[in-house]
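Chain residues, written in single-letter form:
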Amino acid sequence: MATNRRRSPSNIRLRRRCDLDGAVDLYCGQSDGEPPDALGQSGNELFRQLQSGFATVAAVAGVNDRGYCAGVTAGDLNQDGFPDVVVGNLGVNRILINQGDGTFRDGSSRVAWTESHYTIAMAIADVSGDGIPDIIEVNYVNDPKSVAAADFDANGMIDLMITNWIDEWNNLFLQLTPGNFRDAAPVYRLDRVSEGILGFGTQAVDYDNDTRIDALVVNGHIDDFSHTGIPFKMPTQLLVNCGDHFENAR
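Think of each chain on its own: its residues are numbered from 1, step by step along the sequence as written. Where local features are concerned, this predicted model is filtered to residues with pLDDT of at least 70; where side-chain atom pairs are given and counted, the filter is 80 or more; whole-chain, interface and lining totals use all residues. Think of the side-chain values as coming from all heavy atoms in the structure, minus any hydrogens and water.

> Honestly, the sheet that holds strand 14 (residues 180–183) in this entry has me stumped. Any pointers?
Strand pairing in a sheet takes place through backbone hydrogen bonds and is either antiparallel or parallel in direction. Read across the open sheet, the 4 strands follow the order 11-12-13-14; overall the sheet is antiparallel. Looking at the sheet topology across the chains shown, the edges are occupied by strand 11 (144–150) and strand 14. Shown here is a sheet whose adjacent strand axes are inclined to one another by a mean of 25°, direction ignored. A pair of strands is treated as paired once DSSP finds two or more bridges between them. Numbering of helices and strands runs from the N terminus, with a helix taken as a DSSP run of H or I at least four residues long and a strand as a DSSP run of E at least two residues long. By the bridge criterion, 4 bridges tie strand 13 (residues 171–177) to strand 14 in an arrangement that is antiparallel. Bridge pairing in strand 14 links Leu-174 to Arg-182. To obtain an axis, a line is fitted to C-alpha atoms, over the contacting stretch when the element is a helix, and the angle between two such axes runs from 0 to 180 degrees between their N-to-C directions.

Given below as C-alpha cells:
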C-alpha cells in the first residue's frame, strides 16, 4: 500500500433516505492514498440515521470504496424505488446498486468503467428526456470542480452548471435540442458573479419557490495565497435565477 498522503473527507454529498425509513442518511467520500492506483487506508463511509444518532454501516452495506474519491451522487438508476450511489474517483469510478435490504452491490460493469479517470464531479439526471436516469461524469480538463443538473432555462430539457478554478468563470451548458448544448455563461452573467472565485460544490435548488431553478455554490481556495491578494476564504453564493440572468442573492 502506498504511503498515506492525505486522509480527509472529500465530499459529504449524499443526503438521501438510502433505506427509505424517512430519515436522511449521509454518504462521505474519502480522499486517501496515492491516486490513481493505490487504495487508501480508510474507505468511504455511510452514516445511517437512527433515533439515537448516526451509525457507521459502510462495511456492512458494502459501500466502503477505498479509491481517491472526488465526488459522489445518488439517484435511482435502476428505477426500483431505492437510491443508488455513484462514486467518482481519481482512478476507477464505481456504481453501487441499492438492494433494498441495507446492502449494495457493485454495478460498475453497466458503464464499463475499467480504466482510471480523473473524475471531479458526478450527477444523475434524465438528460435525454427519455424517462431513464443518465450519469453525468465531469473529468479534469480545464479545472472543473463540480456539476449541477437542472432545467435552468425552463425549456423542458436538463442543463448543466459547472464550477471551475479561480481563473475561469462557471459554465452554464444549456441543452437547446436533445444532446446539443451551448455554454451561455456570459449571457446569463455567470462570468460576473463567478470571476475570481474558486467554486468547489454546486447544487440546483428553487430556494424562493418561483419555479425558476437557482444554484447554491460553495467556494474557497485550497491554498492560502492571501499575501498575494488572492482570498483563501470565499463566500458561499446563492445564485438567483432571474429568468434571463443569475445574480447573487441579496
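> Please explain the environment of Asp-37 as it appears in this structure.
Turning to its location among the elements, Asp-37 is positioned in the loop between strand 2 (25–31) and strand 3 (45–50). For Asp-37, a relative accessible area of 64% translates into the label exposed. Separated by 126 residues in sequence, Asp-37 and Thr-163 have C-alpha atoms that sit 26 Å apart. Any residue under 20% of the maximum accessible area for its type is buried, any over 50% is exposed, and the rest in between are partly exposed; the area is computed with a 1.4 Å probe on protein chains only.

> Could you clarify how one ought to interpret the sheet that holds strand 18 (residues 246–248) in this entry?
A sheet is described by the order of its strands in space; here 4 strands give the open sequence 15-16-17-18, paired in antiparallel fashion. Looking along the sheet, the strands with just one partner apiece sit at the ends: strand 15 (199–205) and strand 18. Along the sheet, successive strands turn relative to each other by an average axial angle of 25°, direction set aside.

> I'm lost on a nonpolar patch on the surface in this one. Help?
Like charges within 9 Å and nonpolar side chains (Val, Leu, Ile, Met, Phe, Trp, Tyr) within 5 Å are joined into patches, using only residues over 30% in relative accessible area that form no salt bridge. Throughout, the Shrake-Rupley method with a 1.4 Å probe supplies accessible areas, and for residues the shown protein chains are the sole cover considered. One side-chain nitrogen of Lys or Arg within 4 Å of one carboxyl oxygen of Asp or Glu is enough to make a salt bridge. Together, Val-205, Tyr-207 and Leu-216 line one region of the surface with nonpolar side chains, adding up to about 240 Å² of accessible area. Among the secondary structure elements, Val-205 is positioned in strand 15. Among the residues examined, Val-205 registers a relative accessible area of 35% and is labelled partly exposed.

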